[in-house]
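# Topology and contacts: notes
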Amino acid sequence: MSRDVSIPRPEFHRAVPENDDRERKICSHCGFVDYENPRIVVGVVATWEGRVLLCRRAIEPRKGHWTLPAGYMELGESTEQGAEREAWEEARARLRIDRLLAVYSLPHIGQVQMIYRAELLGDDVAPGPESEEVALFDFNDLPGELAFPSVAWALAHYQQTHHLNEFAPMGAPESASPLGGL
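I will try to describe carefully the structure that is included in this document. (Residues numbered from 1 in each chain as written. Predicted model: local features only at pLDDT ≥ 70, side-chain atom pairs only at ≥ 80, totals over all residues. Heavy atoms only, no water.)

## With respect to the overall build of the protein chain
In terms of helices and strands, the protein chain carries 2 helices and 10 strands. The secondary structure elements of the protein chain, listed N-terminal to C-terminal, are β-β-β-β-β-β-β-α-β-β-β-α. Relative to its length of 182 residues, the protein chain is extended, with a C-alpha radius of gyration of 20 Å against a globular reference of 16 Å. Once the C-alpha set of the protein chain is aligned to its principal axes, its extents read approximately 65 × 45 × 30 Å. (Helix = DSSP H or I, 4+ residues; strand = E, 2+ residues; numbered from the N terminus. Rg over C-alpha atoms; globule rule 2.2 N^0.38 Å.)

## Some thoughts on the environment of His 108
Mapped onto the elements, His 108 comes out in the loop between β8 (95–106) and β9 (111–120). Given the relative accessible area of 34%, His 108 is considered partly exposed. Along the sequence, His 108 and Leu 146 sit 38 residues apart, while their C-alpha atoms lie 20 Å from each other. (Buried < 20%, exposed > 50% of the residue type's maximum accessible area, 1.4 Å probe, protein only.)

## Some points on helix α2 (residues 149–161)
Counted at 1.5 Å a residue, the expected span for α2 with its 13 residues is 18 Å, and the 18 Å between its end C-alpha atoms agrees. Looking at α2, one finds that the buried residues are Ser 150, Val 151, Trp 153, Ala 154, Leu 155, His 157, Tyr 158 and Thr 161. Buried residues in α2 make contact with β4 (39–48), β5 (51–57), β6 (66–67), β8 and β9. (Expected span 1.5 Å × (residues − 1). Contact = heavy atoms within 4.5 Å.)

The values are spatial; any link to function lies outside them.
Written out as structure tokens, the structure is:
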């Protein structure tokens, strides 16, 4: 025999939960608190023989502009695994991660970006489903249409550190505008 059990649909309201300090989404039926946390973006500045890999975006935001292979982490993967996966998905690139290049804390868009320094294992790259095209660029001949400020920061940070074996991860420039996007 089956019983018809009606489960109420969640209905959320905004309030400050007990022992908290900010407003959150709370289920009116069961009290579940739906924490909204920043997303983690992982990516790479990947090079081959002194040239850097960039992808022309086939998706919004900033479709048609150039970016680094990067994207949101998936559950169950390390930041390095996520960066390697994104390089494969966007540019069919195989690489060896060297070290963490930068951590960009971007609270105005709810992101923490972790960008690694990496070496391509070959120059046989090709567009994945989120890229219109991929190319290797000399640092003196980068395209002008970069998708996000963080792409320019990472490229500059790579140029500052590519010859160093040890360095502290870089951060977003203090002059970065909260309205400047990624």
